[in-house]
Amino acid sequence: MSDALRELARVHGISTAYTTDRGHRVAVSPDTLVAVLGACGVDATTDTAARAALAAHRARAAARLLPACVVLRGTGAPRPALPDGAVAEVELEGGGASAALSGPLPVGRHTLHVTAAGRAESAPLLVVPERLPVPEGRHWGFLVQLYSVLSRRSWGMGDLGDLAELASWSGRALGADFVQLGPLHAAEPGPLPDPSPYRPGTRRFPDPMHVRVEAVPEYAHLTGEARHRADRCAGRARTLNEAVLRGAALIDREAVRALKHEALRAVHEVPLTPGRAAAFAAFTAREGRDLTDFATWCALAGVHGGAWRSWPAELRDPRSPAVARAREELAGEVDFHRWLAWITDEQLGAAQAAATDAGMGIGLIHDLAVGVAPEGADTWALADCLAAGMSVGAPPDDFNPHGQDWGQPPWRPDSLAATGCLPAARLLRAGLRHAGALRIDHVMGLFRLWWVPEGRPPSEGTYVRYDADAMLGTVMLEAHRAGASVIGEDLGTVEAGVREFLHARGILGTSVQRFEYLGGSEGRHGPLPPERWRADCLATLTTHDLPTTAAWLSGEHVELRARLGLLTRPEAEEKAEAATERDGWLAELERVGLLPDPEGDVVALHRFLRRTPARLLGVWLPDATGDLRPQNIPGTSSVHPNWRLPVSDGRGRPVPLEELPGLPLVPALARVFAGLRRRDGQPCEASGARETCDIPETCEKTEED
């Protein structure tokens, strides 16, 4: 590797070597560096080209009066250094007003203008809170994948009506303070070979397939042929739903989406009342160009298919005259997709209102996926901000020895910085609009992402660094405006200092029992005692990517992988290792006096969670039903029905929402967390039991990494 290539990579934030989760140092190949630089618009294909690009970069950097983006953390933060004799002025957000850089500045997204030596330059100026407030006290709630929570009123998968019902019931009857969801982002149109909610077409708008059709106000006013069409869809949906609930069929998103779209086209024909029309117009104005782009892409995809890179060349640029003409020609379809986004937003708002009306202190916790599908609406509309020919993933580690390729293009750091992270701000704003908190998947991606060049294995990728102050500042600014908390999913390989950086800014972490060990992942030597867990985190026993607690306790997760041919070692070895891990945890529970428990090991493990100082305690809903099947087995696509299983009991029988209150584990788990939520100093009721919390509200954590 030449010195020019190495230095060129460094100045663009591209790692030339990285450290594995086991502490080993690995060099990145020159071919990878050249490919990644190329995706950032930098030619390094020869040593001459690399030297020229490096010289040009240094000249631009020397000539700049300002960094690409300026971030002030706290209104009294130190101001950036400026050239001697420079004159600075701050154009405040919204325009029409200005302020001196040296004076008090409000929190917001402003523009800094500087003139010096006859030159002028501007840069985004983000004034962000010093720290986000974390939720007061301690709270518990359910973690769910919405599609899996069906009621007898669903259309084949859980919907926003089911979500409102789940929140209302768990808040009022169980004392829960939140429901954490998987991503509800809109998927790509057409076939869904990968139904994962973590691979959406856009992160800016939720998917209308989650709408409860009958809850759209205009549905009640259907007449004639439109009523007949909607009723026909509803009848077919009931048949689909019944098949899923009796265990005769898997959740079929494509079928659900097709039925809902057909029914909603009929509902869309019903004229809006003046008040409803005004509300729709206000939504359209608020969402602006983002909504227009998304609706236009949906309309074009209906004609040309969802893979926009294969569209006619003149339609691949959302700002082209051809797209403007197509938008007019497809005005009816564009309006339909705008309307779909509106009614989905309305029902999301209604679900959050149901949660807070039920007394939930937080309500809905939405999930922001790490990226989008490479041919989706966001890559079309935001192509200039995304790195073509690259995919986000993860380097090889113990959990995935070959690494991971998630098939999602990463942000370009230079493009984000030039806009003050505005594209990221807009999608954060969307995720926070109807939420008490936002979970950010793979929050380490705000610092750096593992880029994998197209056509190469994940092991041949490298890390690319982002402006963490600008990225985290954008998150903090949008959460501050929404009055919401932020939870970072910080599992896996985490760079030194990242958790401390997040903690200092009030961003909660994620702690999962299966990963909480003394010595961390490198030197694990026994379960982490409850008092040594972090306080500022969401603590859970498991996740959608891990075995359910019942499966982990019984060893069913190993047997499942053996049946599917996924074991990499002899089955006896895998079973012995799993049993040792389980027995170590059960011994820890016995040591702290939580076993034996007359209500069983699942309840005892949740009692252990409560013994930790974690502010938020999450119960994976399938753990409350005794489900043995995982919602997803990472690294598989066809051998297991990933993302298509309804919540079920221990025998594999689907459990409709209406039956949840009658399951014995549900009130037992509610009793574990009784008293966490307090109103006016009084403990809440949960399943008829009134208990007070005997666990300290705060506790210092000593981390061992």
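Quick summary incoming for the structure in this document.

Procedures and definitions
Counting restarts for each chain: residues are numbered from 1 in the order of the written sequence. Under the rules for a predicted model, residues below a pLDDT of 70 receive no local features and side-chain atom pairs below 80 are neither given nor counted, while totals for whole chains, interfaces and linings still include all residues. Note: side-chain values were computed over all heavy atoms of the structure, leaving out hydrogens and water. We count a stretch as a helix when DSSP gives it H or I for four or more residues in a row; a strand needs E for two or more, and each element gets its number in order from the N terminus. We compute the radius of gyration from the C-alpha atoms alone; for a globule the expected value is 2.2 Å times N to the 0.38, where N is the number of residues. Type-normalised accessible area, obtained with a 1.4 Å probe on protein chains alone, sets the label of each residue: buried when under 20%, exposed when over 50%, and partly exposed for intermediate values. Any two residues whose heavy atoms approach within 4.5 Å are treated as being in contact. Here, expected helix span is obtained from the residue count minus one, scaled by 1.5 Å. Any N or O atom pair separated by 3.5 Å or less is treated as a polar contact, with the protein-specific requirement of one donor-capable and one acceptor-capable atom, and with residues adjacent in sequence counted only for side-chain atom pairs. Two strands pair if DSSP finds at least two bridges between them. Axis geometry follows a simple rule: fit a line to the C-alpha atoms, using only the stretch in contact for helices, then measure angles between N-to-C directions, giving values from 0 to 180 degrees. A pocket, in this scheme, is an open set of points on a 1 Å grid over the protein atoms alone with protein on both sides within 12 Å along at least 5 of 7 lines, while a cavity is a set where a 1.4 Å probe fits but cannot get out; residues line either one if an atom lies within 4 Å of a point. Grid points are joined across faces, edges and corners, and a volume is the space filled by probe spheres set on the points. Think of it as three bins: nonpolar holds Ala, Val, Leu, Ile, Met, Phe, Trp, Tyr, Cys and Pro, charged holds Asp, Glu, Lys and Arg, and polar takes everything else, Gly as well. The labels follow the angle: roughly parallel below 35 degrees, roughly antiparallel above 145, roughly perpendicular from 65 to 115, and oblique for the rest. Crossing handedness follows the turn of the near helix against the far one: under a right angle anticlockwise gives a left-handed crossing, and clockwise gives a right-handed one. Note on terminology: a nonpolar core comprises buried Ala, Val, Leu, Ile, Met, Phe, Trp, Tyr and Cys residues joined through side-chain atoms within 4.5 Å. By definition here, a salt bridge exists when the distance from a side-chain nitrogen of Lys or Arg to a carboxyl oxygen of Asp or Glu is within 4 Å.

### A look at the overall build of the protein chain
Check the secondary structure of the protein chain and you find 20 helices and 23 strands. Relative to the globule expectation of 27 Å for 705 residues, the C-alpha radius of gyration of the protein chain, 26 Å, shows essentially globular dimensions. The dimensions of the protein chain, computed from C-alpha atoms along their principal axes, are 80 × 70 × 55 Å. Buried residues in the protein chain amount to 57% of all 705 residues. Within the protein chain, residue pairs in contact and separated by at least 24 positions form 71% of the contacts whose partners lie at least 6 positions apart.

### A closer look at helix H4 (residues 160-174)
Helix length check: H4 (15 residues) gives 20 Å between terminal C-alpha atoms against 21 Å at 1.5 Å per residue, within 8%. The buried count for H4 comes to 11 of 15 residues, which makes it a mostly enclosed element. Where H4 is concerned, the buried positions are Leu160, Asp162, Leu163, Ala164, Leu166, Ala167, Ser168, Trp169, Ser170, Gly171 and Leu174. Of the residues flanking the start of H4, the one acting as N-cap is Asp159, its side-chain oxygen 2.9 Å from the backbone nitrogen of Gly161. The positive-phi residue at the C-terminal boundary of H4 is Gly175, with phi of around 80 degrees.

### Section: helix H5 (residues 224-245)
With 22 residues, H5 ought to run about 32 Å at 1.5 Å a step, and its terminal C-alpha atoms sit 31 Å apart, in line with that. Turning to H5, the residues buried within the fold contact helix H6 (253-268). Where H5 ends, the next residue or the one after it, Gly247, has phi of about 80 degrees, a positive value.

### Looking at the sheet that holds strand E14 (residues 448-453)
The 4 strands lie next to each other as E12-E11-E14-E15, forming an open sheet whose pairing is antiparallel. A single partner strand is all that each edge strand has here, and the edge strands are strand E12 (404-405) and strand E15 (462-465). With 4 bridges connecting them, strand E11 (residues 390-394) and E14 associate as antiparallel partners. Residue pairing across strands places Val392 opposite Trp451, the latter belonging to E14. Relative to the sheet, helix H2 (residues 30-39) contacts E11, E14 and E15, its axis offset from that of E14 by approximately 105 degrees.

### Quick notes on empty space enclosed by the protein
For the structure on display, the rule yields 3 cavities of 30 Å³ or more. In this structure, the largest cavity occupies an estimated 250 Å³ of space. Lining the largest cavity are 21 residues, with Phe205, Pro206, Leu348, Ala430 and Gly431 sitting closest to its centre. For the lining of the largest cavity, the secondary-structure elements that each account for two or more residues are helix H7 (274-304), helix H9 (331-357), strand E10 (363-368) and helix H12 (422-432). The computed volume of the second largest cavity comes to approximately 200 Å³. Around the second largest cavity, the lining is made up of 17 residues, and of these Arg203, Leu368, Trp411, Leu446 and Met471 lie nearest the centre. At the level of secondary structure, the elements contributing two or more residues to the lining of the second largest cavity comprise H12 and helix H13 (468-482). Here the residues of the lining of the second largest cavity sort into 12 nonpolar, 3 polar and 2 charged.

### A word on the environment of Pro312
With respect to the helices and strands, Pro312 occurs in the loop between H7 and helix H8 (321-329). Along the chain, Pro312 and Arg172 lie 140 residues apart, while their C-alpha atoms are 54 Å from each other.

### Observations concerning the layout of surface pockets
Over the atoms a probe the size of a water molecule is rolled, and this reveals where empty space is left. If you add up the space inside the second largest pocket, you get close to 820 Å³. As for the second largest pocket, its lining consists of 25 residues, of which His57, Ala68, Pro413, Asp414 and Ala417 are closest to the centre. For the lining of the second largest pocket, the elements supplying multiple residues, two or more each, are helix H3 (47-63), helix H11 (413-418) and H13. In terms of residue count, the dominant contributor to the lining of the second largest pocket is H11 (5 residues). A breakdown of the residues in the lining of the second largest pocket according to their chemical character gives 15 nonpolar, 5 polar and 5 charged.

### Topic: the packing of H7 against H9
The relative placement of two packed helices comes down to the angle between their axes together with the axis-to-axis distance. Two elements in contact, H7 and H9, have axes whose closest approach is 8 Å; the angle formed by their N-to-C orientations is 120 degrees. Taken as axis vectors, H7 and H9 run oblique relative to one another. Viewed along their axes, H7 and H9 form a crossing whose handedness is right-handed. Along its contact with H7, which presents Arg276, Ala279, Phe280, Phe283, Thr284, Arg286, Leu291, Thr292, Ala295, Thr296, Cys298 and Ala299, the element H9 presents Glu333, Val334, Asp335, His337, Arg338, Trp339, Ala341, Trp342, Asp345 and Glu346. In terms of residue class, the contact of H7 with H9 is built from 11 nonpolar, 4 polar and 7 charged.

### Some details on the nonpolar core
Trp339, Trp411 and Trp451 are the most contacted members of the largest nonpolar core, which has 117 residues in total. Once residues lying within four places of it in the same chain are set aside, the contact partners of Trp339 are Val216, Leu264, Val267, His268, Leu272 and Phe280. Core analysis: the second largest hydrophobic core is formed by 61 residues, Ala351, Ala355, Leu528 and Phe673 among them.

### A word on the environment of Arg456
As for its position among the elements, Arg456 is in the loop between E14 and E15. For Arg456, a relative accessible area of 28% puts it in the partly exposed group. C-alpha separation for the pair Arg456 and Met390, spaced 66 residues apart in sequence, amounts to 9.8 Å. Apart from residues lying up to four places away in sequence, Arg456 is in contact with Asp31, Thr32 and Ala35.

### Some thoughts on the packing of helix H1 (residues 3-11) against H2
As a packed pair, H1 and H2 sit with axes 11 Å apart at the nearest point and diverge in direction by 45 degrees. Put simply, H1 runs oblique to H2. Taken as a pair, H1 and H2 cross one another with a handedness that is left-handed. On the side of H1, the interface is formed by Leu5, Leu8 and Ala9, while H2 contributes Pro30, Leu33, Val34 and Leu37.

### Focus on the sheet that holds strand E16 (residues 485-488)
The 8 strands are arranged E16-E13-E10-E9-E8-E19-E18-E17 in an open sheet whose pairing can be described as parallel. Among the strands making up the open sheet, the edge pair consists of E16 and strand E17 (509-512). In this sheet, neighbouring strand axes are inclined to one another by 25 degrees on average, regardless of whether the strands run parallel or antiparallel. Looking at chain direction, strand E8 (residues 139-144) and strand E9 (residues 178-181) are connected through 4 bridges and run parallel. Bridging across to E9, Leu143 finds its partner in Gln180.

### Some details on the pattern of salt bridges
Applying the stated criterion to the full structure yields 48 salt bridges. Note that Arg229 and Glu269 form a salt bridge whose closest N and O atoms lie 3.1 Å from each other. Here Arg229 is found in helix H5, whereas its partner Glu269 is found in the loop between H6 and H7, with 40 residues between them in sequence. One salt-bridge network, in which partners are shared between bridges, spans Arg152, Asp649, Arg651, Arg653 and Glu659.

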